[in-house]
Amino acid sequence: MITKEATEAAPAPARPAPAPPGPAKKRPAWDEVPRWQIYLPLGVYLVFTLIPFYWILLFSLRPAGSTSLVPWPMTFEHFEKVWTDRSFGTFFQNSVLVGVATLVMTTLVALAGGYALARFDFRIKRGFMLALLCSQFVPGALLLVPLFEIFAELRMINSLGSVIIAETVFQLPLSMILISNFIKNVPYSLEEAAWVDGCNRFRAFRVVVLPLLRPGLIAVGSFAFVHSWNHFLFALMFLNNQDKQTIPVGLNTLMSADSVDLGALAAGGIIAAVPVVIVFAFIQKWLITGFSAGAVKG
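Conventions we followed
- Residues numbered from 1 in each chain as written.
- Predicted model: local features only at pLDDT ≥ 70, side-chain atom pairs only at ≥ 80, totals over all residues.
- Heavy atoms only, no water.
- Helix = DSSP H or I, 4+ residues; strand = E, 2+ residues; numbered from the N terminus.
- Buried < 20%, exposed > 50% of the residue type's maximum accessible area, 1.4 Å probe, protein only.
- Contact = heavy atoms within 4.5 Å.
- Axes fitted to C-alpha atoms, helices over the stretch in contact; angles between N-to-C directions.
- Left-handed = near helix turned anticlockwise from the far one by under 90°.
- Nonpolar A, V, L, I, M, F, W, Y, C, P; charged D, E, K, R; others polar.
- Phe/Tyr/Trp six-rings, centres within 6.5 Å; stacked < 30°, edge-to-face > 60°.
- Lys NZ or Arg CZ within 6 Å of the ring centre and 35° of its normal.
- Arc of directions from axis to C-beta.
- Salt bridge = Lys/Arg side-chain N within 4 Å of Asp/Glu carboxyl O.

Peer 1: Requested: an account of the overall build of the protein chain, with residues and values cited.
Peer 2: Looking only at helices and strands, the protein chain features 13 helices and zero strands. Helices (α) and strands (β) of the protein chain occur, in sequence order from the N terminus, as α-α-α-α-α-α-α-α-α-α-α-α-α. Across the 298 residues that make up the protein chain, the buried fraction comes to 35%. Excluding contacts between residues fewer than 6 apart, the proportion of contacts in the protein chain whose partners are at least 24 apart in sequence is 72%.

Peer 1: Describe the packing of helix α4 (residues 88–119) against helix α10 (residues 214–230), with residues and values.
Peer 2: Closest axis-to-axis distance for the α4/α10 pair is 8 Å, and the angle between their directions is 145 degrees. Judged by the twist between their axes, the crossing of α4 over α10 is right-handed. Contacts between α4 and α10 involve F92, S95, V96, V98, G99, V100, T102, L103, T106, T107 and L111 from the former and L217, G221, A224, F225, S228 and W229 from the latter. Among the residues forming the contact of α4 with α10, the class breakdown is 10 nonpolar, seven polar and no charged.

Peer 1: Go over the packing of aromatic side chains with me, naming the residues and quoting the values.
Peer 2: Taken as a whole, this structure holds 13 aromatic pairs when the rule is applied. One aromatic cluster in this structure is built from F148, F151, F170, F234 and F238. The cationic tip of R62 hangs over the ring face of F59; the distance from NZ or CZ to the ring centre is 4.5 Å.

Peer 1: Got a sec to walk through helix α6 (residues 144–153)? Specific residues and values, please.
Peer 2: Among the residues of α6, those classed as buried are L144, L147 and F151. On an axial view of α6, the arc spanned by its buried residues comes to 70 degrees, and they lie on one face. Residues of α6 that are exposed and angled more than 90 degrees away from the buried face: V145 and E153. For α6, the secondary structure elements touched by its buried residues are α7 (160–184) and α11 (233–238). In the stretch just after α6, R155 is the one whose phi turns positive, near 55 degrees.

Peer 1: Can you tell me about the side chain of N94, naming the residues and giving the values?
Peer 2: Considering the arrangement of structural elements, one finds N94 in helix α4. Excluding its chain neighbours within four sequence positions, the residues that come into contact with N94 are L160, D243, K244, Q245 and T246.

Peer 1: Account for the pattern of salt bridges, with residues named and values stated.
Peer 2: According to the stated counting rule, one finds two salt bridges in the structure shown. Between E191 and R119 there is a salt bridge, with its nearest N and O atoms 2.6 Å apart. Of this pair, E191 sits in helix α8 (residues 188–196) while R119 sits in helix α4; the two residues are 72 residues apart in sequence, bridging distant segments of the chain. Relative accessible area serves as the criterion here: at 15%, R119 is assigned to the buried category.

Peer 1: Report on unusual backbone geometry, specifying residues and quantitative values.
Peer 2: The phi torsion at S87 lies on the positive side, around 60 degrees, for a residue other than glycine. Note that S87 resides in the loop between α3 (77–85) and α4. S87 gets classed as partly exposed once you look at its relative accessible area, which sits at 24%. The phi angle at R155 is positive, at roughly 55 degrees, despite the residue not being glycine. Its location among the elements puts R155 in the loop between α6 and α7.

Okay, here's the thing in structure tokens:
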């Protein structure tokens, strides 16, 4: 008879040793992917992207009436026509003034409001943030009637100031949210250390925080400039005289119900696109950093 003590003293049966693990499946590295799988979709995307630009360039550089697919002989008569005869020089100056003024006003007001939202607590803060977010769902066309009534009372119709104020108001909610989130990523202890060293709040912000906000300010400012440069509706409704109009409205004058001057329209489109391309070429690295840092709270 097997006793309980003998059962407990008996050694447990040995378990079989686990089989050695087989070679792990290795995911293909980037360098091991066939090149055609990378370049083929990129090439297709590049073709569909560049063909419209080439088509505009073709119409702007080839002579009127030509059907050649190569802009040769090359001519600049369409650029001369829109710049002098169609007053695109004046339109360009007005657009630059509106874009730069909108950039400055939007950045300054959004910087002050974004700092208040990031560093201060007040009762209606959540409601104010919700109102800013909800305002992004309001199309600009709904603002035309109240803004027109306000500017008419202030006698600002047919003035570039009305367009600048309207563009600034339209850009402020998103700009303020972005700058607010960007300021939140700056440690509050840096400002406190500046206060200990004798700085007041404004000087601590200017010396310590403001240099760290460069990518965010560039992102917000460039976004405001590009939007005001391309916006058509406010300039069309608030500006009557031709010498006050901007480039988007000027492009609209090149199209009539009976005919369209394709060469002049293409040349005007290139004139309108060149400043935006130059701006993005110089600020693209700060733009990506600013939008990515201002889109999330650290």
